[in-house]
Each structure stands twice: as C-alpha cells, then as structure tokens.
Amino acid sequence: MKQKELKKLKRELINQPIELSPKDIQKWKAESFEYVLSAIMPFSLLILRDKFGFGKVRLDRFQEAFMDLHDSVDKGYLTFSDMEDILNEETGVDVVRSKIV
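Reference entry: report on the structure contained in this document.

## Comments concerning the nonpolar core
Of all hydrophobic cores here, the largest spans five residues; its members are Met 41, Leu 45, Leu 48, Phe 54 and Leu 59. Counting residues per element, this core draws most heavily on helix H2 (residues 22–52), at three residues. Ignoring any residue separated from it by four or fewer positions in sequence, one finds Leu 59 in contact with Leu 45, Leu 48, Arg 49 and Phe 54.

In structure tokens, the structure reads:
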C-alpha cells in the first residue's frame, strides 16, 4: 500500500465513530485514572521530599493515605468535587486546575 493510500485510510478511520459498551467505558475510565495516578504519585513524593523534608516513613504514610483516598473515590464514597469543596470550606484553598494544551 502506498503512503498516499495509507494517509487516506488513516483519515477515514480517525473520523469513524466508535461504539463503546458501558463496560468498555468503565474499563477506559479505570485505566485512565490509573495512568494519571501513576504520574501524580512521583510528582507528589518528590515535592514532599524536596520542599518539605519528608523521609521514607512519612512518604510511605502519604502513599498509604493517598491510596486509601483513591479507594474511597473508586467506591463512590467521595468525588473530586467533594474534595475540592472540603478543602475550600475548611482551609480556604482553591484547587488549581491545569489547562491541558
């Protein structure tokens, strides 16, 4: 297949709607969240170590608490909006949202 034909086929495939079952959507959401979690944890641990002097014990406790909170979100006991509201109401902190480029 020639390069030109491949490009045309790719354009056609990209514009094709896909059908996802509720199970597929749930799987995609879980995989996406796990990916984000795996990216956030190293950021958080490095900041806690470098800026706040956390050592192994406190970093391990943070990871455990983080995963417990993740479990509560995963089970539907708590939402991201709930967490933002709690932080704002109890501390006056507004969660900064990143703009995805």
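## Some remarks on the packing of H2 against helix H3 (residues 56–74)
Interaxial distance between H2 and H3 falls to 11 Å at its minimum, and their mutual angle equals 150°. As summarised for this structure, H2 and H3 are arranged roughly antiparallel, according to the angle between their axes. In this structure, H2 meets H3 at a crossing whose hand is right-handed. Residues Phe 33, Glu 34, Leu 37, Ile 40, Met 41, Ser 44, Leu 45, Leu 48, Arg 49 and Phe 52 of H2 pack against Arg 58, Leu 59, Phe 62, Gln 63, Phe 66, Met 67 and His 70 of H3. In the contact of H2 with H3, the residues fall into 11 nonpolar, three polar and three charged.

## A closer look at a nonpolar patch on the surface
Together, Ile 18, Leu 20 and Ile 25 line one region of the surface with nonpolar side chains, adding up to about 300 Å² of accessible area. Residue class for Ile 18 comes out exposed when judged on its relative accessible area of 67%.

## Quick notes on the packing of aromatic side chains
Under the criterion given, the structure shown has two aromatic pairs. Residues Phe 33 and Phe 80 carry aromatic rings whose centres are separated by 5.9 Å and whose planes lie at 45° to one another, so their mutual orientation is tilted. Residue Phe 33 is located in helix H2, and its partner Phe 80 is located in helix H4 (residues 80–91); the two are separated by 47 residues in the primary sequence. Residue Phe 33 is classed as partly exposed on the basis of its relative accessible area of 27%. For the ring pair Phe 62 and Phe 66, a centre distance of 5.7 Å and an interplane angle of 50° mean the geometry is tilted. With Phe 62 and Phe 66 both in helix H3, this residue pair falls four residues apart, about one helical turn. Given the relative accessible area of 24%, Phe 62 is considered partly exposed. Taking NZ or CZ as reference, Arg 58 lies 4.0 Å from the ring centre of Phe 54, over its face.

## Brief notes about the environment of Leu 87
Structurally, Leu 87 can be placed in helix H4. Put simply, Leu 87 and Gly 53 are 34 residues apart on the chain and 23 Å apart in space, counted from C-alpha to C-alpha. If sequence neighbours within four positions are ignored, Leu 87 has contacts with Gly 92, Val 93 and Val 95.

Calculation rules
- Residues numbered from 1 in each chain as written.
- Predicted model: local features only at pLDDT ≥ 70, side-chain atom pairs only at ≥ 80, totals over all residues.
- Heavy atoms only, no water.
- Core = buried A, V, L, I, M, F, W, Y, C linked by side-chain atoms within 4.5 Å.
- Buried < 20%, exposed > 50% of the residue type's maximum accessible area, 1.4 Å probe, protein only.
- Helix = DSSP H or I, 4+ residues; strand = E, 2+ residues; numbered from the N terminus.
- Contact = heavy atoms within 4.5 Å.
- Axes fitted to C-alpha atoms, helices over the stretch in contact; angles between N-to-C directions.
- Parallel < 35°, antiparallel > 145°, perpendicular 65-115°, else oblique.
- Left-handed = near helix turned anticlockwise from the far one by under 90°.
- Nonpolar A, V, L, I, M, F, W, Y, C, P; charged D, E, K, R; others polar.
- Patch = residues over 30% accessible without salt bridge, like charges linked within 9 Å, V, L, I, M, F, W, Y side chains within 5 Å.
- Areas by Shrake-Rupley, 256 points an atom, 1.4 Å probe, with all protein chains shown as cover.
- Salt bridge = Lys/Arg side-chain N within 4 Å of Asp/Glu carboxyl O.
- Phe/Tyr/Trp six-rings, centres within 6.5 Å; stacked < 30°, edge-to-face > 60°.
- Lys NZ or Arg CZ within 6 Å of the ring centre and 35° of its normal.

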